[in-house]
Structure formats: structure tokens, C-alpha cells
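# Chains, contacts and geometry: an overview
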Amino acid sequence: MAVRLEDDPTPLVCIIATKLRRAARTPELAVRMRAMRGVAALRSTVDPQAVTLRFEADGVTVSRGVAPDAEVVISADLMKMSDPDAPKPKVSGAARKPKFALSLAKVLEPPVGTWQEEARAFWAFASQHPASPRGIRVVCLEGGELVLGTEPVEYELHGKAAALLALFSGDTVLGEELLAGHLYAVGSLQHTAELTGRSLAWMMGG
Amino acid sequence: MEPESLEAWLDQHAIHSVRTEGVTVDGLVIGKVLSRRKFTKSLPLGNAITELVFGYDVGGTPYLAWWNEWRRDALGDYHQQPDLDTLVAPRFSPGQARCIVDHVDLQGNPLPVCPRSILRRLTDRLAGLGFQAKAAFEIEFMVFTESRAQARRQGFRNLTPLTLPRALGYHIDNTAMATRYMDEVCRRLDELGVPWEAWHDEAAPGQLEINVEPADPITAADHALRIRQVTREVAHEFGHTVTYMAKPNEEYGNGLHVHHSLQRDGSAAFYDDARPDHHSELLERWLAGLMATINGAVSVMAPTVNSYRRMVGWAAAPVTPSWGEDNKSTAIRLLTRSPGATRIEHRVAAADANPYLVLATVFAGGLAGLAEPIPLPAPLAPAGWGLPPSMPHLPATITKAADAFAADARLREQLGAAFTDYWVNTRRWEWLMFNTTGGDASATEVGDWERNRYFEVM
């Protein structure tokens, strides 16, 4: 299932395309995506960010803005959709295309692994960058830790499993999570900056 | 000025403090007001300044997405090394001198992202080849009669231009309306030693332009820096507000055209009397370098999201990678009427661009043309606006331009890898900030996000 981006995509276009690619790698969702036909849009309730998703026989195209022919429009605080206490999104047009709307909701929330599985996938990406630390230790405050890369460990990340999962699965950005106090770090500013950059890139598809 | 003459100079002008003025890549002027004792004591390295000033954007948000080798991990200090040749004692600030500085590390080495040092390096490179460059900027800006506070309250919208609220240009009634303000600006420029030649009413309501005598490149950029400061300071005292935003409203935008020429042994190196078009071989090689690097250069010359609002067809700004003989619709305009007047006008830069980096990028392109043979494309004969999409166009967004800059090996070689990487990261960051902090990526007109971010600081 091809996921195409508009020329010169916005960050939200990249983020949504990354989610769709993850969904397309999941067999059940890939089947669902291939059957989807129609135009959907996601609109932020807190700023002008918006994307249109055009599902066609040969793939899905993601572009900025809300297209006039969007049949299903989801309005939400897009940056907080993965929060456990996020308000329920408003959906318009679902009554006319209920199956399409249901599939849309599913493919926009593809399944993720455990925080350890997601951490390994993130690290496989982030460690390619020459400025990343050689090794990181991830400590789950609810128990368990994981060492990635090579010793000596140059950076430590601590947090609850949900925050670690959100970061490593590309739902949140390291710097913001540190500022918000959802995650803690032991390491240099240099590595914090570089890993924040990697987490941003990870969120937007690498 | 030699350091040993400094105390006598400070005595002569009854100086009790010195304002240091350094420039960031975004063109923001940063510095301190130092007591005379502190200023002299801190020489030759200059006063310390936190390295964090190179680590945040024009909105004040720290760059937390990459690092640079030259940065200090614990957010230590760098220094503002005074260029004593720029020390001035204007009468309008009695007792307080002003001095332009370079940003250096603890050992006195120029920071790779110090725009003034980058320009000096390229100017020195030219000198090593036997050339002396001269340059002059055309400084465009807009003045509104609301105070800064009032303009802010209005969200920088629906402001009252200092001149008539309609696009005219060179209109003497407009000139008269701006005269009291501009007389004070020019008086102060005289005191600062900025050799202004002329000012006039420009095309947009409230838009003015100042022209300056050509000077060596560093001095030319210093002049631009000081003009920006003086126009702001006088506006503040008059209860007005000034902006160097590329496009603060839907009228014509603000540009920063720069003229430059090369001399060798006192002769115009771009001029060849023996050729019918008067183009010297050097000019054509230089021009080929400028053309080969122009797409990447756009990133430096159009540094903000707002810069690209100005670069639309039929709005006086160039939109194509083009050159032409006395053609103001092209990106690069050649003037070769006589040896003394022979020069290149680079017309891409917006007023929100950093003048040091604009000139450095121009010289980087020219030097690339001298370093290797590059084919010179044909001049653009027709108007450079309204051309079909199939013809080459300049990058039209901050991301496209950053990509072009990142991919340009010639610019990287001339401007340095450390600066190039930092610049590309900061432009992509600016795109991220625009999209994720309230900017509207689908908007075709100037938005509130842009005005709030750029109006007062650019």
C-alpha cells in the first residue's frame, strides 16, 4: 500500500504518513487500507494544522489542509491524541460513510509494541546518526531497564512505561517530554539535543 | 584604531560606557553596555557573552534538536571581540560609545557561525587572489505611525503608514511626510559615520529606502547593521514603529538588494573595454558562480517563512534563477555602462536577511566561479515574471531553499561545513516552528504568526 506525501510536506503530513506506513506494515490494517476509498481530513482544534488523506486504489496521498471534498473530518488536539486523558475527537461525516470512518480511526492508531520493542526500533534508527550517544540505558520507573548500543552508556532515560512507549513509538518528542517532566535524563545537553532531533525525525518518518 | 590609542580616544570623547554590537545568523544585534573600565579591561578578547545566544531562535525558543561541535556542552561563554575601527562616539548618545564586535571562542578564534567573521574570511580569500571588493546595500523598510506598544496591541495589523496609504514610489508628498523622521535618522547616521547618499519614498505605503556609498564588504554590512538600529531607535523616540519584515502586509515587500564589484590594482575587474558588451572574462566566471549557487543562496537571502511571501511574480522581487543586463526583473542585474559604474546588483535578498551573510553568500558563489570553470547560462531577455512553471524558478519555500543550500557543495566549501549545517538546521527549525506553533501552512497571505514573530525583531 503506497503512502504518498505532497510536495514540500508539512510536519503533520509527515507525521500522519508515518502512522499510515506503520498501519500498512500491519497485515490486518493493510487489508483494511487497501479497501478504503474516499477522502478524509484531520483538523487541529488548537491551531491551523490540518491534513487531507485521499484513499485510492493505488494508495493513499497525504497533503496539507482540509480538502473541500473531504467526506469525513476528524477535529481534535492532534498533538494530544495519544494522551490517555485526551478529549474525544469530533467526527463529521461518519454517518454517511461509517465503514470508511471506522477504518480511518483504526489506521490512524496502528498497534505498537511494548516500550522495549519500540525502543529497539527507535535505537536502530537513532544510532545511525554519528552524534548520537554510543549507548543508552532506558529505565522504566515501574520496573525494568534496557541497555541499547555499546558500553559505556553515555545517556540515560527514565520514565514510566507509557511515556517511554509514546516517545519510542514516535508519538512524542524527547525535548518536550523532558520539559514537561514526563521523562528524565542523565546525560549531556549535546546528547539531549541530538536525541531530541532523532525523536523528531522518527516521528516524521526518518 | 590601535589599542594604544584607545584611552586617549575615550578621554577625548568623554566616554563612560561602550555598547557592544554583535550579530547572530538571524541578524539580531546582541551585546552589552559595558562600563569604560570593563570595556578596556576585557580587551583584546572582549566581553563574555553566553553561548546560548547562538542556541535559540528569533522567537526565543532554544534549538533543541541538534548540536554543533563548536558549542559548549555546559552552556559556557563566548566573547564579543571589539573591532576598534568601528568604535564611534555619536553625539546623540553622549558618553556612550558603540562598537561592533566579532564573536570568538575562549582562545579568540572566530566562531563558525559569526556572520561578520564568515564575511571577513571570504573577503580575505578574495584579497588573496588579488581582488578588492566593494559593496553597497539598498536598505528598504517600512515606518508606521503607531508606537511599538500600540502596533503590538493591534497584532501589527491595519497600521498607519508614515506616508500616503497607497503604493506610489518616489512621491515627493510622501517624502515630505517622512522628512522629519528621516532628517533625524540621517543626522544620526552622519554621527555614526555611515555615508548615506540618498533616501526616498519606495513603492509600498510607509516604505522608505536608504542608499549608502560603496565600501569594503565588512564596512558595507556594518553600515546596514547601523542603519537598521538607527531607524528603529528614531522610530521609537518618535512614537513610530519600523519593520524589516520581508512582507508585513499585502503591499510590496522589503528587499535588501546588494551591489558589488571587484577591483584589481585599482581597476574595475568586471569591465573590459575591448569587448563589445564590456563584460570581462572575470565577470563572466564570477557570474557563472553566482548563477550556479543561486538556488542554495536563496536560503540565506530569504531566511524566514515570511521572506517567501515577497518572492511572488509581478511583485518586484525576483522569482527565477536569472541574470540580465540592466534587467530589474532578474535575480542578478548587470550594470556595465562604464568602468566606474560597473557592478552586479544581486536582487534576491529580502530585508529580513542578514547583510553579512548575504554578502558572504554572494562572494561564496563568485569565488566558486573563479575556482572552477562553470558554464554561464544565457541572460534572460524577457521579463522574469509570469514565466511558465516549466521554466526554472527559485526555491519558493524555506524548506526547498534549505534543501538547495544543503545540497550545494560549492557554498558549503566556501562558507564552511559548520556554518552550513547550523544554517540548514535553523531553517528547518523555523519551518517546524511555523507549522507547529500556530502558523498556517495553507495560507496564501501574511498571517498573524509571521507578524508576531518577525515584525519587531527583523
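Since the model is a prediction, treat every value here as computed from it, not as a measurement.

## Concerning the nonpolar core
- Of all hydrophobic cores here, the largest spans 125 residues; its most connected members are Phe-137, Phe-141, Tyr-181 and Met-182 of chain B.
- At 10 residues, the largest contribution of residues to this core is made by helix α10 (residues 355–371) of chain B.
- Each residue touching Phe-141 of chain B, except ones within four places of it in the same chain, is listed here: Tyr-181, Met-182, Gly-206, Gln-207, Leu-208, Ile-210, Thr-231, Val-242, Thr-243, Tyr-244 and Asn-254 of chain B.
- Residues Val-13, Ala-17, Val-60 and Val-107 of chain A belong to the second largest nonpolar core, which totals 26 residues.

## Description of the pairing of strand β9 (residues 207–212) of chain B
Residues and elements named next belong to chain B.
- With 6 of 6 residues buried, β9 lies mostly within the body of the structure.
- Pairing geometry for strand β7 (residues 132–144) and β9, over 5 bridges, is antiparallel. For Glu-140, the partnering residue across the bridge sits in β9 and is Glu-209.
- Relative to β9, strand β8 (residues 196–201) runs antiparallel, the two being bridged by 5 bridges. Paired with His-200 across the strands is Glu-209, a residue of β9.
- Linkage of β8 to β9, two consecutive antiparallel strands, is achieved through a turn of 5 residues, within which Gly-206 is found at a positive phi near 80°.

## Considering helix α5 (residues 161–168) of chain A
Residues and elements named next belong to chain A.
- Along α5, the residues classified as buried are Ala-163, Leu-164, Ala-166, Leu-167 and Phe-168.
- Where α5 is buried, its residues meet α4 (115–126), β7 (135–140), β9 (155–159), α6 (174–179), β10 (183–186) and α7 (189–203).
- One or two steps after α5, the chain reaches Gly-170, where phi turns positive at roughly 85°.

## Let's talk about the sheet that holds strand β4 (residues 59–64) of chain A
All names here are of chain A.
- Reading across from one edge, β1-β4-β3-β2-β5-β6 is the order of the 6 strands in this open sheet, with mixed pairing throughout. Both outer strands of the open sheet, β1 (3–5) and β6 (90–92), are each paired with one neighbouring strand and no more. Each strand axis lies, on average, 20° off the axis of its neighbour in the sheet, ignoring direction.
- As paired elements, strand β5 (residues 72–76) and β6 share 3 bridges and run antiparallel to each other. Bridge pairing in β6 links Val-73 to Ser-92.

## Focus: the interface of chain A and chain B
- On the chain B side, the residues contacting the 21 residues of chain A number 18 residues.
- Around 1,700 Å² of area is buried between chain A and chain B when both sides are counted, 63% of it from carbon and sulfur atoms.
- For the chain A face of the interface with chain B, the top three residues by lost area are Asp-8, Pro-48 and Leu-189 of chain A, together amounting to 28%.
- Applying the counting criterion to the chain A and chain B interface returns 1 salt bridge.
- Where Lys-400 of chain B meets Asp-7 of chain A, a salt bridge forms, and the shortest distance between an N and an O atom there is 2.6 Å.
- Counting every contact that joins chain A to chain B gives 7 residue pairs in polar contact (both at pLDDT 80 or more).
- Of all the elements, α7 of chain A adds the most residues to the side of chain A that touches chain B, at 8 residues.
- Its residues placed into classes, the side of chain A that touches chain B shows 7 nonpolar, 9 polar and 5 charged.

## Concerning the pairing of β7 of chain A
Residue and element names in this part refer to chain A.
- Burial analysis of β7 places 5 of its 6 residues in the buried class, the great majority of the element.
- One ladder, built from 5 bridges, connects β7 with strand β8 (residues 145–149); its direction is antiparallel. The partner of Arg-137 across the bridge, within β8, is Val-147.
- In this structure, the hairpin formed by β7 and β8 is closed by a connection of 4 residues, where Gly-143 is found at a positive phi of approximately 115°.
- Inspection of the sheet shows β7 paired to β9 by 5 bridges, in the parallel sense.

## Considering the layout of surface pockets
- What the second largest pocket holds in volume is close to 1,100 Å³.
- What lines the second largest pocket is a set of 34 residues, and nearest its centre among them are Arg-198 of chain A together with Ala-65, Trp-66, Asn-425 and Arg-428 of chain B.
- When residues of the lining of the second largest pocket are traced back to their parent elements, those giving at least two are α7 of chain A together with α11 (398–407) and α13 (417–436) of chain B.
- Considering every element that reaches the lining of the second largest pocket, the biggest residue donor is α13 of chain B, with 9 residues.
- In terms of residue class, the lining of the second largest pocket is made up of 18 nonpolar, 7 polar and 9 charged.

## Some remarks on the packing of helix α2 (residues 27–35) of chain A against helix α3 (residues 98–107) of chain A
All names here are of chain A.
- The interhelical angle for the contact between α2 and α3, taken along N-to-C directions, is 140°, at an axis separation of 10 Å. Our classification of the angle between α2 and α3 gives oblique. The interaxial crossing formed by α2 with α3 has left-handed handedness. Between α2 and α3, the contacting residues are Leu-29, Arg-32 and Met-33 on the first element and Leu-102, Ser-103, Lys-106 and Val-107 on the second.
- Considered class by class, the residues forming the contact of α2 with α3 number 4 nonpolar, 1 polar and 2 charged.

## Brief notes about the pattern of salt bridges
- A complete count under the given rule lists 45 salt bridges over all chains for this structure.
- Between Arg-134 of chain A and Glu-154 of chain A there is a salt bridge, and its shortest N-O distance comes to 3.1 Å. Of this pair, Arg-134 of chain A sits in the loop between α4 and β7 while Glu-154 of chain A sits in the loop between β8 and β9; the two residues are 20 residues apart in sequence, bridging distant segments of the chain.
- The residue Arg-116 of chain B makes a salt bridge to Asp-83 of chain B at a minimum N-O spacing of 2.8 Å. Of this pair, Arg-116 of chain B sits in helix α3 (residues 115–128) while Asp-83 of chain B sits in the loop between β5 (77–82) and β6 (96–104), and the two are 33 residues apart along the sequence.
- With relative accessibility at 15%, the residue Asp-83 of chain B sits in the buried group.
- Overlapping salt bridges, with partners in common, bring together Arg-91, Glu-184, Arg-187, Arg-188, Glu-191 and Glu-237 of chain B in one network.

Thresholds, definitions, all that
- Residues numbered from 1 in each chain as written.
- Chains lettered and ligands numbered in written order.
- Predicted model: local features only at pLDDT ≥ 70, side-chain atom pairs only at ≥ 80, totals over all residues.
- Heavy atoms only, no water.
- Core = buried A, V, L, I, M, F, W, Y, C linked by side-chain atoms within 4.5 Å.
- Buried < 20%, exposed > 50% of the residue type's maximum accessible area, 1.4 Å probe, protein only.
- Helix = DSSP H or I, 4+ residues; strand = E, 2+ residues; numbered from the N terminus.
- Contact = heavy atoms within 4.5 Å.
- Pairing = 2+ DSSP bridges.
- Axes fitted to C-alpha atoms, helices over the stretch in contact; angles between N-to-C directions.
- Buried area = accessible area lost by both parts, 1.4 Å probe.
- Salt bridge = Lys/Arg side-chain N within 4 Å of Asp/Glu carboxyl O.
- Polar contact = N/O pair within 3.5 Å; in protein donor to acceptor, adjacent residues only side chain to side chain.
- Nonpolar A, V, L, I, M, F, W, Y, C, P; charged D, E, K, R; others polar.
- 1 Å grid on protein atoms, 1.4 Å probe; cavity = no way out; pocket = protein on both sides within 12 Å on 5 of 7 lines; lining within 4 Å.
- Points joined across faces, edges and corners; volume = space filled by probe spheres on them.
- Parallel < 35°, antiparallel > 145°, perpendicular 65-115°, else oblique.
- Left-handed = near helix turned anticlockwise from the far one by under 90°.

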